[in-house]
Amino acid sequence: MKQLEESLKEKNLRVTNARKIIFDILKNSERPLSPKNVCDELSNLSVSNADQASVYRNLVLFSKIGLAHKLDSGKYTVCQLENDRTKRHIHIIMCCTECMGVYELNEKKTQTYMLSKKIINSIKQLNHISSLTFSGVCEACDN
Ligand SMILES: [Zn+2]
Ligand SMILES: [Zn+2]
């Protein structure tokens, strides 16, 4: 939970109960989730006032501040680089079309990582960090 609270406070955003629950749902899911999936989970947990518009807004917010990533499918996944406090670099994500698993590349020595870091560091008021998404079949499924 620290991850969420620190990131929100860093941006002077409130740590609301709704944000905590939505982030938890996303984090505990093995698969990326659409705003509707998150809403369904919320109603399963019998959380009232779980309207899709506010879920959507919070998911967009999470991806804006680097807590989550929006994939090409329109679904959201939590950033897997938990220990990377800054997250000021391009996030490279692989999506498996067989198991629907999402794998985030955690390799800081790649040229792509260093180049993205260089570009991002030269931007003065950074308000959005993108991710690079690849899809295909993961190693576990390819046998
Ligand atoms: Zn990430
Ligand atoms: Zn797979």
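The following paragraphs examine the structure supplied in this document. Quick caveat: nothing in here was measured; it's all calculated off a predicted structure. (Residues numbered from 1 in each chain as written. Chains lettered and ligands numbered in written order. Predicted model: local features only at pLDDT ≥ 70, side-chain atom pairs only at ≥ 80, totals over all residues.)

1. Regarding the overall build of the chain
Scanning the chain from terminus to terminus reveals 5 helices and 5 strands. When the helices and strands of the chain are listed from N to C terminus, the series reads α-α-α-α-β-β-β-β-α-β. By the compact-globule yardstick of 15 Å for 143 residues, the chain fits well, its C-alpha radius of gyration being 16 Å. Overall, the chain is about 45 × 45 × 20 Å in size when its C-alpha atoms are taken along their principal axes. Counting all 143 residues of the chain, 24% fall into the buried class. For the chain, contacts bridging at least 24 residues in sequence account for 55% of all contacts bridging at least 6. (Helix = DSSP H or I, 4+ residues; strand = E, 2+ residues; numbered from the N terminus. Rg over C-alpha atoms; globule rule 2.2 N^0.38 Å. Buried ≥ 20, exposed ≤ 12 C-beta atoms within 10 Å, placed from the backbone. Contact = placed C-beta atoms within 7 Å.)

2. Details of the nonpolar core
Among the nonpolar cores identified, the biggest contains 18 residues, and Ile22, Phe23, Leu26, Val38, Leu59, Leu67 and Ala68 are the most heavily contacted of them. Elements supplying a minimum of two residues to this core: helix H1 (2–10), helix H2 (17–28), helix H3 (35–44), helix H4 (52–64) and strand S2 (76–78). Per element, the largest residue contribution to this core is 4 residues, and it comes from H2. Look past the residues within four positions of Ile22 in its chain and what remains in contact with it is Val38, Val55 and Asn58. (Core = buried A, V, L, I, M, F, W, Y, C linked by C-beta atoms within 7 Å.)

3. Remarks on the sheet that holds strand S3 (residues 91–96)
Spatial ordering of the open sheet is given by S4-S3-S5, a layout of 3 strands whose pairing is mixed. In the strand order of this sheet, the two ends are held by strand S4 (102–104) and strand S5 (131–136), each with one partner. Adjacent strand axes in the sheet meet at a mean angle of 25° when their direction is disregarded. Pairing of S3 with S4 involves 3 bridges; the strand directions are antiparallel. Residue pairing across strands places Cys95 opposite Val102, the latter belonging to S4. (Pairing = 2+ DSSP bridges. Axes fitted to C-alpha atoms, helices over the stretch in contact; angles between N-to-C directions.)

4. Regarding the packing of H3 against H4
As a packed pair, H3 and H4 sit with axes 9 Å apart at the nearest point and diverge in direction by 120°. One finds that H3 runs oblique with respect to H4. The handedness of the crossing between H3 and H4 is right-handed. Between H3, through Pro35, Lys36, Val38 and Cys39, and H4, the contact on the second element is made entirely by Gln52, Val55, Tyr56 and Leu59. A class-by-class count of the residues in the contact of H3 with H4 yields 6 nonpolar, 1 polar and 1 charged. (Parallel < 35°, antiparallel > 145°, perpendicular 65-115°, else oblique. Left-handed = near helix turned anticlockwise from the far one by under 90°. Nonpolar A, V, L, I, M, F, W, Y, C, P; charged D, E, K, R; others polar.)

5. A word on H4
Here H4 contains 13 residues, and its C-alpha end-to-end distance of 18 Å stays within 8% of the 18 Å for a straight helix at 1.5 Å per residue. Among all positions of H4, only Val55, Asn58, Leu59, Phe62 and Ser63 are buried. For H4, the angular spread of buried residues about the axis comes to 135°, placing them on one side. Buried residues along H4 sit in contact with H2, H3, strand S1 (68–70) and S2. Backbone geometry just after H4 places Gly66 at a positive phi near 85°. (Expected span 1.5 Å × (residues − 1). Arc of directions from axis to C-beta.)

6. Remarks on H3
The α-helix advances 3.6 residues per turn, and as a result positions three or four apart in sequence lie on the same side. Every buried residue of H3 is accounted for by Pro35, Val38, Cys39, Glu41 and Leu42. One side of H3 holds all its buried residues, which, seen down the axis, span an arc of 160°. Of the exposed residues in H3, those oriented more than 90 degrees away from the buried face are Ser43 and Asn44. Looking at the buried residues of H3, the elements they touch are H2 and H4. At the exit of H3 stands Ser46, carrying a positive phi of roughly 45°.

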